[in-house]
Amino acid sequence: MSQPEVRTTSGVVRGVVDPMTGARTWRGVPFGDSTAGAQRFRAPRPAPEWEGVRDASVFAPPAMQTTFSFKDSVIGSEDCLSLDIVRPDTDDVLPVVVYFHGGTFITGSSHEKVLQGHFLSQATDVVYVPVNFRLGVLGYLDMRSVGGDCVANPAIHDQVLALRWVHENIAAFGGDPDAVTLMGESAGGAAVLHLMCAPAARGLFHRAIAQSPPAASVHSRVQAAMWVRRLIDGLSMPRTTTLSDLRDVDAAELVRVGRSMMLTGKEVVQFNTAFMPTVENATLPAHPIDMFEDGQQAAVPLIIGTNSDEASFAKAMYQTMKSRQRAARRALEAFDADNAHLVMEAYGYAGGRAEFADLIADAVFWAPSVMLATAHRRLASTWMYRFEYASATMRRLGLGAMHSADLVAVFGDPHSTRMSKLDRFGSREAFAEVSRTMQRHWGSFFHTGRPGGEWPEYEFRRDDIPGRATAVFGAERFVEYDPKSSKRLAWEDFDMREWGNNRGELMESLAEFFGFDLPDTDDE
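On a predicted model such as this, the values are computed, not experimentally measured, just so you know. (Residues numbered from 1 in each chain as written. Predicted model: local features only at pLDDT ≥ 70, side-chain atom pairs only at ≥ 80, totals over all residues. Heavy atoms only, no water.)

As a further point, take the sheet that holds strand β11 (residues 175-185). Taken in spatial order, the 11 strands line up as β3-β4-β8-β10-β9-β11-β12-β13-β14-β15-β16 in an open sheet, and their pairing is mixed. Unpaired on one side and paired on the other, β3 (16-17) and β16 (477-481) mark the two borders of the sheet. For strand β12 (residues 207-211) and strand β13 (residues 302-307), the ladder comprises 4 bridges, and the chain directions are parallel. In the sheet register, Ala210 faces β13, and the bridge partner there is Ile304. Set on the sheet, helix α4 (residues 187-197) makes contact with β9 (94-100), β11, β12 and β13; between it and β11 the angle comes to about 130°. (Pairing = 2+ DSSP bridges. Helix = DSSP H or I, 4+ residues; strand = E, 2+ residues; numbered from the N terminus. Contact = heavy atoms within 4.5 Å. Axes fitted to C-alpha atoms, helices over the stretch in contact; angles between N-to-C directions.)

Laid out in structure tokens, this is it:
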């Protein structure tokens, strides 16, 4: 079957058997209609029907985004709601993995080389479905401060629509719609957690894997309004700008201004980035930390974890001890000024380069992941991990197991990233063993809802078990109980749910600019 044809709810698609890997694949299959023009900032619509057979042998354009090059180029399309399907070249009915890419909520695609999934699909015997969805200004910025004719979180709406498409169509590709695992890394890992909170996604998936998710990266409505104001200013548009006006702006210009907001905004060092989802009733009824602590998330088995050196790049951000300490304190006090000193103390006041980088990494990735795992274990089986494998070259460079380093191991393709070029002369034996181990655990989870038996659950302390078991994937594989316990305790008293609590002057300025009253809560 060199050109497998499958009928979907919109029409027939013709895929291809990849000549290099032998996997069946369908590329650029639309699940939603174009989001351009009048549909910009609105909820997505299902893909329209087509006549005849649609060629699905080439990838579709990704969501609009910049290339981060000197040319200030913009790639992609507002007609971006597509997905790819990869499976072994058999007729077996297999579990399904729906994957959401990372990229700081502003970049990425379903078909990045490391995420194409041919090796993962065949190693774990699954139907693998990576998804494209709106990004940045067009997907992760709540425009309701400008007008009500929009949805707060277009990207989450896109992801829910993709899950509905999978539920209705994946059986035709040999996938089991009753055995769907959500999986993602970085912003894609956060997307998995958002969908666990989204009422409209209930029943559309059955297990979840969140790798290095920035789980606390959620805008309050006032915080989103601050960035909308920056966008309007960056476009040199008046304060009376409407949604209709913004729909008339060239999409590439919107994306370029959005990029400048990310690159030049001093708010980034306070964990206040321009693009995140916003708490609102339809898609994210409360902050994920609150949803999980209240037991309102989907009660599905969960694997969640982080890398040991997520923010190793931060070692070079500041040149003096005082500047590092000042930056760390300001970042923490933007959330919880009363308890910032407890976290600072736990990290030796973040004066050293390594201590500062650890604090940044834990604030964004590890600490909120621990909070969610702690809450989720009351509702469903939960497993935590730490990825710490790094080649000799990466260790010599001081980068270690940096952010996204786990992807090459899970996907089983050591040559698929730019960083892999640094290691092309190194030994592959240790990496291959880590990759085999992780794929075995991930594959077991895809099929049974549990990783391998030697990986214990993230349980409560008992007389015979210390609790908080964390699987460590490195040069050696082992289980550590309650890692970094003193730092965990410091974060337990720290409130990271709402940025800007001590910036009343900013909130008052926004209220005056947009003409609304300051809310008492973030829930509306």
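That covers the picture; the talk isn't over yet.
Right, let's talk about unusual backbone geometry for a bit. Positive phi, normally seen in glycine, also occurs at Ala350, with a value near 55°. Of note in the backbone geometry, Ser404 takes a positive phi value of approximately 75° without being a glycine. By secondary structure assignment, the location of Ser404 is in the loop between α12 (392-396) and α13 (406-411). Residue classification places Ser404 among the partly exposed residues on the basis of a relative accessible area of 32%. (Buried < 20%, exposed > 50% of the residue type's maximum accessible area, 1.4 Å probe, protein only.)

Turning our eyes to something else, we now look at the domain arrangement of the protein chain. Often, the extent of an interface is quoted as the loss of accessible area on bringing the components together. For the protein chain, the assigned domains read domain 1 (1-300) and domain 2 (311-497). Measuring from the centre of the C-alpha atoms in domain 1 to the corresponding centre in domain 2 gives 25 Å. Listed by partner, the interface residues are 44 residues for domain 1 and 44 residues for domain 2. Contact between domain 1 and domain 2 buries roughly 3,700 Å² in total, counting both sides, with carbon and sulfur atoms accounting for 68%. (Domains from an automatic or database assignment. Buried area = accessible area lost by both parts, 1.4 Å probe.)

Here we take up the sheet that holds strand β2 (residues 12-14). With respect to topology, 3 strands assemble into an open sheet ordered β1-β2-β5, the strand pairing being mixed. Either end of the sheet is taken by a strand with one partner, and the two such strands are β1 (5-7) and β5 (53-55). Averaged over all pairs of adjacent strands, the angle between their axes in this sheet comes to 30°, without regard to strand direction. Pairing geometry for β2 and β5, over 3 bridges, is parallel. Residue pairing across strands places Arg14 opposite Asp55, the latter belonging to β5.

With 125 residues, the main nonpolar core has Val98, Phe100, Met143, Phe275 and Trp491 as its most contacted residues. Of all the elements, helix α11 (residues 353-376) adds the most residues to this core, at 13 residues. The residues that make up this core include at least three from each of domain 1 (1-300) and domain 2 (311-497). Apart from the residues lying within four places of it in its own chain, the contact partners of Phe275 are Thr104, Phe105, Ile106, Gly136, Val137, Tyr140, Leu141, His219, Gly258, Met261 and Met262. Within the second largest apolar cluster, 31 residues are counted, among which are Tyr128, Phe387, Leu407 and Phe431. (Core = buried A, V, L, I, M, F, W, Y, C linked by side-chain atoms within 4.5 Å.)

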